[in-house]
Amino acid sequence: MIGAGPYGLSAGAHLKAKGIGARVFGEPMEFWAKKMPEGMLLRSPRVASNLSDPSGAFTLEAYESASKTAPSAPVPLDTFVEYGRWFRHQLGSDLDERTVLRFNREEQGFRLMLGDGEEVRARRVVIATGIGPFRKKPSVFQNLPSEHVTHCYEGRGIRKFAGKRVAVIGAGQSALESAALLHESNADVDVIARQPHINWIGQHSWLHHLGPISTMLYSSHDVGPAGISRLVAYPKITSLIPLGLRDKVRTRAVRPAGARWLPERLRNVKITVGRGVADARMVGDEVVLRLDDGGERHVDHVLLGTGYQVDIAKYDFLPTELARSIQQLDGYPKLSSGFCCSVPGLHFIGATAARSFGPLLYFVAGTEFASRELTSYLSKYPS
Ligand SMILES: Cc1cc2nc3c(=O)[nH]c(=O)nc-3n(C[C@H](O)[C@H](O)[C@H](O)COP(=O)(O)OP(=O)(O)OC[C@H]3O[C@@H](n4cnc5c(N)ncnc54)[C@H](O)[C@@H]3O)c2cc1C
């Protein structure tokens, strides 16, 4: 298993419990600990923020009670990182913190080269390496020097922008939450979004208070609007829907939107909607953004909350030739039961599986399904 984030840790715990010899590679929770903005809160509800273990004993609540951490909703980033690190101890010596630099196919499986140069062999490889390399950087920002433009999930530092003028591009949770955190750190923030208006999650909150009707409309994962939320809670069923319709369900479920606790925090932040950035260039020490209505913004830094685009060719441990031999759907691997791709013995879980199994796989809530499905497949077909 390559990757020790929520998916790798959960699947590793399930495989271990079944006695399937698996080794999980990677620094536990590295993406969350090092790439998410400091002070961030999880957008997913508490019940949808549990990693999955076969007994259901290693929940967020169990961690809070073991560590005497006061439960809070929404869940703070640091609590979630510590929860993942606590969960990691279930894997014991099955977790190896080394990075996988590269791996190649060979006759009987795969050969992996680790960060320290050691090589190991595996019959099967499960890729659980998340979305880190898939950050979208619109071409208009490509020529800005890297010290003047960063992506929302490129690092934790928010406080260093105190006293600076920062343009935040985008209207999704990452952009809006980063804008709130910057504002609270005394940066002068300007949000610029192409969408005609900002979507807020929970705008129809009354639909959540209709007892059994609400239960029919929404699953506890809270991914997607009424009805869609229920459907996407069943990734196996979602995978049977024709691709065109499945894509529509997926994009609707994860359209850019801000959590319900953000509007209050953004009350004094300038938000420009319905405008794109037509040009971005340096003039002296400042970035000048020209908007598509001719307006200009002069800032010290641009923070991109422009999302990500899955493209497995961007995984640098995956050799080009091997990546090319995987059947793909616009950068996503085409997966079948057991998260198998077209290369025998190779599996993908997490966001890369969302095109095949639906949007639940973008979220921590999908770890339960992914771990059980993978474990059941590998129990039936061990090699
Ligand atoms: C700003 C932001 C906020 C989010 N908020 C939420 C939320 O509130 N709730 C939610 O459910 N989801 C949220 N998500 C989505 C979140 O990314 C996923 O739910 C979750 O991280 C998926 O887990 P994962 O294990 O697939 O990926 P990751 O958490 O990214 O873990 C993958 C791990 O693989 C490791 N890795 C990569 N390459 C290698 C290698 N070559 N060798 C070894 N290890 C490697 C990385 O270090 C990384 O730690 C958010 C995402 C972002 C960007």
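Rules behind the numbers
- Residues numbered from 1 in each chain as written.
- Predicted model: local features only at pLDDT ≥ 70, side-chain atom pairs only at ≥ 80, totals over all residues.
- Heavy atoms only, no water.
- Phe/Tyr/Trp six-rings, centres within 6.5 Å; stacked < 30°, edge-to-face > 60°.
- Helix = DSSP H or I, 4+ residues; strand = E, 2+ residues; numbered from the N terminus.
- Buried < 20%, exposed > 50% of the residue type's maximum accessible area, 1.4 Å probe, protein only.
- Pairing = 2+ DSSP bridges.
- Axes fitted to C-alpha atoms, helices over the stretch in contact; angles between N-to-C directions.
- Core = buried A, V, L, I, M, F, W, Y, C linked by side-chain atoms within 4.5 Å.
- Contact = heavy atoms within 4.5 Å.
- Salt bridge = Lys/Arg side-chain N within 4 Å of Asp/Glu carboxyl O.
- Near = heavy atom within 4 Å.
- Polar contact = N/O pair within 3.5 Å; in protein donor to acceptor, adjacent residues only side chain to side chain.
- Areas by Shrake-Rupley, 256 points an atom, 1.4 Å probe, with all protein chains shown as cover.
- Nonpolar A, V, L, I, M, F, W, Y, C, P; charged D, E, K, R; others polar.

(A) The packing of aromatic side chains, seen in detail. Inspection of every chain in the model, using the stated rule, returns 19 aromatic pairs. For the pair phenylalanine 31 and tyrosine 153, a centre-to-centre distance of 6.3 Å together with 75° between the ring planes defines the contact as edge-to-face. With phenylalanine 31 in helix α2 (residues 30–35) and tyrosine 153 in the loop between β7 (149–151) and β8 (165–169), this residue pair connects regions lying 122 residues apart in the sequence. Taking the relative accessible area as the measure of exposure, tyrosine 153 reaches 9% and is therefore buried. With a centroid separation of 5.0 Å and an interplanar angle of 25°, the aromatic rings of tyrosine 315 and phenylalanine 317 are classed as stacked. Of the two residues, tyrosine 315 and phenylalanine 317, both sit in the buried class. An aromatic cluster of three or more residues is present, and its members are Trp32, Phe58, Tyr63, Phe80, Tyr83, Trp86 and Phe87.

(B) Spatial organisation of the sheet that holds strand β3 (residues 100–106). In space, the three strands of this open sheet follow the order β3-β4-β5, with antiparallel pairing throughout. Edge strands, defined here as strands with exactly one partner in the open sheet, are β3 and β5 (119–122). Taking the axes of each pair of neighbouring strands and ignoring which way they run, one obtains an average angle of 25° across the sheet. Pairing of β3 with strand β4 (residues 109–114), which is carried by six bridges, proceeds in the antiparallel orientation. Paired with glutamate 106 across the two strands is glycine 109, which belongs to β4.

(C) Layout of the nonpolar core. In terms of nonpolar packing, the biggest core is built from 99 residues, with Trp32, Phe103, Leu318, Leu346 and Leu361 touching the most fellow members. Element by element, the count of residues in this core is highest for helix α5 (residues 173–184), at six residues. Apart from the residues within four sequence positions on either side, phenylalanine 103 is in contact with Ile2, Phe110, Arg111, Leu112, Val125, Ile127, Phe317, Leu318, Pro319, Leu322 and Leu346. Leu144, Val149, Ile169 and Leu289 belong to the second largest nonpolar core, which has 14 residues in total.

(D) Summary view of the pattern of salt bridges. Summed over the entire model, instances satisfying the criterion amount to 25 salt bridges. Among the salt bridges present, the one from glutamate 27 reaches lysine 34, with a minimum N-O distance of 3.0 Å. Overall, the relative accessible area of 31% leaves glutamate 27 in the partly exposed class. Between arginine 281 and aspartate 279 there is a salt bridge, and its shortest N-O distance comes to 2.9 Å. Taking relative accessible area as the criterion, arginine 281 reaches 37% and is therefore assigned partly exposed. Looking at aspartate 279, the relative accessible area reads 25%, which means it is partly exposed. If you follow the salt bridges from partner to partner, you end up with Arg23, Asp96, Arg98, Asp116 and Glu118 in one network.

(E) Inspection of the site of the ligand at higher detail. Residues in contact with the ligand amount to 27 residues; listed here are only the nearest, Glu30, Arg43, Ser44, Val100 and Val364. The separation between an oxygen atom of the ligand and a polar main-chain atom of arginine 43 is 2.7 Å. Alone, the ligand offers 980 Å² of accessible surface; in the complex the protein occludes 89% of this. Listed by contribution, the elements that provide at least two residues to the shell around the ligand are α1 (6–17) and α2. The biggest single contributor to the shell around the ligand is α2, with three residues. Partitioned by chemical class, the residues of the shell around the ligand number 17 nonpolar, eight polar and two charged.

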